[in-house]
Amino acid sequence: MRKPMMAGNWKMNNTVAEAVVLTQELSNRYTDAWADRADVVICPPFVDLKPAKTVLEFDKTRIAIGAQDVYWEPKGAFTGEISVPMIKEIGCTYCIVGHSERRELFGETNEDVNRKAKALIAGGLAPIVCVGESLAVRDEGTTNEYVCAQVRAAFAGIDATDAKVCVVAYEPIWAIGTGRTATPEQAEAVCAAIRATLAELYGADVSEAMRVLYGGSMNPGNVEGLMAQPNIDGGLVGGASLDATSFAELVKACL
Ligand code: 13P
């Protein structure tokens, strides 16, 4: 009943020239089933958004584009930042917020994530809200509490109608870029806890309609087991999204 989603987070990879090549390679592998049966999204760096969108538009390829971050003010003296209207004009329909790399390396707080999510919703874009625990939290045995608190904070002051368009991505920090994937059972347990939290906040109908993704070393070898879980609706993929063949295989696992 939920449409699966496969989203590629390119992180800080690909110059414009490289982005055009990768987008074209993806477009060459695209079939209408991708868009009919899943939402396929690529999230390139800011400077690559327009060139990637141009390739997709030229080919009439129904792959959506999203940014990896955004600032919550619409314009003004915020050197180095990028606003919702800027990414919207390019054609972004999604934007990642609260990725663990932004939280850990750039000091992004739960409050910042909440402001960004609200700004995106106000601009008509769908936030992909990232949550996830460190290895220390997992070892302590408080993963569900920690992750669900991040969900509550990200969605503070957002009503059910707006929440429904949002996507949550569960990304255990210890599984990101490490080759150490969460087992399907570990990932499912947290994704189920996230959905239960969304049900508390918004009721069962809304929580059943919202997509919860898994991210962290997802690849063609482990995607089937993860996608088989009832509360995992797709993936937010780093490394394996940088190769067109492997990303296409991940998309196929959603169809
Ligand atoms: P990897 O797939 O490279 O582990 O990255 C996951 C991620 O952080 C996606 O946002």
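Keep in mind that this is a model prediction, so the values were computed, not measured. (Residues numbered from 1 in each chain as written. Predicted model: local features only at pLDDT ≥ 70, side-chain atom pairs only at ≥ 80, totals over all residues. Heavy atoms only, no water.)

Before going further, it helps to examine unusual backbone geometry. Peptide bonds are, in most cases, trans, and in most cases residues other than glycine have a negative phi. With a phi angle near 55°, Lys60 is a residue other than glycine that sits in the positive phi range. Of note, Lys60 is situated in the loop between α3 (46–59) and β3 (64–67). Among the residues examined, Lys60 registers a relative accessible area of 70% and is labelled exposed. The phi torsion at Ser217 lies on the positive side, around 55°, for a residue other than glycine. Counting through the fold element by element, Ser217 comes out in the loop between β7 (211–214) and α12 (223–227). (Helix = DSSP H or I, 4+ residues; strand = E, 2+ residues; numbered from the N terminus. Buried < 20%, exposed > 50% of the residue type's maximum accessible area, 1.4 Å probe, protein only.)

This part takes up the pairing of strand β2 (residues 39–43). Along β2, 5 of the 5 residues are buried, which leaves the element largely enclosed by surrounding structure. Side-chain alternation along β2 places Asp39, Val41 and Cys43 on one buried face and Val40 and Ile42 on a second face that is also buried. The sheet contact formed by strand β1 (residues 5–9) and β2 spans 5 bridges and is parallel. Paired with Ala7 across the strands is Val41, a residue of β2. (Pairing = 2+ DSSP bridges.)

Interhelical geometry of helix α6 (residues 110–122) versus helix α8 (residues 143–154) gives an angle of 45° and a closest axis separation of 8 Å. The angle between α6 and α8 falls in the class oblique. Every residue of α8 that contacts α6 at Asn110, Val113, Asn114 and Ala117 is listed here: Gln150, Ala153 and Ala154. (Axes fitted to C-alpha atoms, helices over the stretch in contact; angles between N-to-C directions. Parallel < 35°, antiparallel > 145°, perpendicular 65-115°, else oblique. Contact = heavy atoms within 4.5 Å.)

So, on to the environment of Glu18. Here Glu18 is to be found in helix α1 (residues 16–29). Residues Glu18 and Ala52 lie 34 residues apart in sequence; the distance between their C-alpha atoms is 10.0 Å.

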